[in-house]
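# Remarks on the overall topology
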Amino acid sequence: QKMNFGFSSGKTKKTGPSKKWTEREIEQKIKEFDKRIEEAKEREGDVEVRDCTLDKAEWIKDEARDFPLAERIFREAYKQSGGASKKMEILFEIILMNLEKNDLDALKKDVTTCKQLVEDGADWDKRNKLKIFEGVYCMLIRDFKSASDLFL
C-alpha cells in the first residue's frame, strides 16, 4: 500500500513495511547499510556519505519501523547536511515519525528548528510544507485559530 505525502521530492511514500522482517534480516540489512556508509567515507565525498546515511534511516523508519533508531540516524544525516533546504527535508521525515507517535514536544521542537532554517534561507517549497506541519501541530494542540491562519 502506497501513499503520496508529497513531502519528499515527488517520491511515493509507503505506509508500512514491504514484508515481515525478522530480527536477523534487520540486523543483516543494517550491516549492509553500514558497509555502504564506510565505503562512501573511504571513496566518496560528504554528500554521498550523507545520502547513504539517509538511505539507512529511511529503511529503518519504513521497513524495520524502529522510530527511535531511525530518528538518531536522521539526526546524524542532519549534522552532515549543509543547506537549510536539505536539513528541512530531514526534519520533515522526523516530524512525520513524531506525528505518527503523537509526540507533541518533539514536534514543537522540530517545527521551531524548521522556522529558524526558513530564516536561514530555505526555498519556498520547504516554507509551504512547514506551514502545513505547523498547522497540523496547531490542530493537535487545539489551536484552531492559528491552524486556520496557516492553512489559508
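Residues numbered from 1 in each chain as written. Predicted model: local features only at pLDDT ≥ 70, side-chain atom pairs only at ≥ 80, totals over all residues. Heavy atoms only, no water.

### Focus: the side chain of Asn-98
If you trace the backbone, Asn-98 turns up in helix H4 (residues 84-101). If sequence neighbours within four positions are ignored, Asn-98 has contacts with Glu-71, Asp-103, Ala-106, Leu-107 and Asp-110. (Helix = DSSP H or I, 4+ residues; strand = E, 2+ residues; numbered from the N terminus. Contact = heavy atoms within 4.5 Å.)

### Some remarks on the pattern of salt bridges
On inspection of all chains with the given rule, the structure shows 20 salt bridges. Among the salt bridges present, the one from Glu-71 reaches Arg-75, with a minimum N-O distance of 3.0 Å. Of this pair, Glu-71 and Arg-75 are both found in helix H3 (residues 67-80), 4 residues apart, which corresponds to roughly one turn of the helix. Judged by relative accessible area, which is 17%, Glu-71 ranks as buried. Across the pair Arg-75 and Asp-110 runs a salt bridge whose closest N-O atoms are separated by 3.0 Å. (Salt bridge = Lys/Arg side-chain N within 4 Å of Asp/Glu carboxyl O. Buried < 20%, exposed > 50% of the residue type's maximum accessible area, 1.4 Å probe, protein only.)

### Focus on a nonpolar patch on the surface
A surface patch of nonpolar side chains, about 370 Å² in accessible area, is lined by Ile-132, Met-139, Phe-144 and Phe-151. Broken down by secondary-structure element, the contributors of at least two residues to the nonpolar patch are helix H6 (124-140) and helix H7 (144-151). By the secondary structure assignment, Met-139 is in helix H6. Assessed through its relative accessible area of 35%, Met-139 is described here as partly exposed. (Patch = residues over 30% accessible without salt bridge, like charges linked within 9 Å, V, L, I, M, F, W, Y side chains within 5 Å. Areas by Shrake-Rupley, 256 points an atom, 1.4 Å probe, with all protein chains shown as cover.)

### Re the nonpolar core
One broad rule of soluble globular proteins: the nonpolar side chains tend to lie buried together. Phe-74 and Met-88 are the most contacted members of the largest nonpolar core, which totals 32 residues. Elements with a minimum of two residues in this core: helix H1 (23-43), helix H2 (46-64), H3, H4, helix H5 (104-119) and H6. If you tally residues by element for this core, the top one is H4, at 9 residues. Not counting residues within four places of it along the chain, the set of residues in contact with Phe-74 comprises Leu-54, Ala-57, Glu-58, Lys-61, Ile-90, Glu-93, Ile-94 and Met-97. (Core = buried A, V, L, I, M, F, W, Y, C linked by side-chain atoms within 4.5 Å.)

### As for the environment of Cys-138
Within the secondary structure, Cys-138 sits in helix H6. Between the C-alpha atom of Cys-138 and that of Leu-91, which follows or precedes it by 47 residues, the distance is 18 Å.

### Examining the packing of H4 against H6
The interhelical angle for the contact between H4 and H6, taken along N-to-C directions, is 25 degrees, at an axis separation of 11 Å. The angle between H4 and H6 places the two elements in the roughly parallel class. Judged by the sense of rotation from one axis to the other, the crossing of H4 with H6 is left-handed. Taken together, the residues of H6 that come into contact with H4 (itself represented by Ser-85, Met-88, Glu-89, Phe-92, Ile-95, Leu-96 and Leu-99) are Lys-126, Lys-129, Leu-130, Phe-133, Val-136 and Leu-140. Of the residues assigned to the contact of H4 with H6, the class counts are 9 nonpolar, 1 polar and 3 charged. (Axes fitted to C-alpha atoms, helices over the stretch in contact; angles between N-to-C directions. Parallel < 35°, antiparallel > 145°, perpendicular 65-115°, else oblique. Left-handed = near helix turned anticlockwise from the far one by under 90°. Nonpolar A, V, L, I, M, F, W, Y, C, P; charged D, E, K, R; others polar.)

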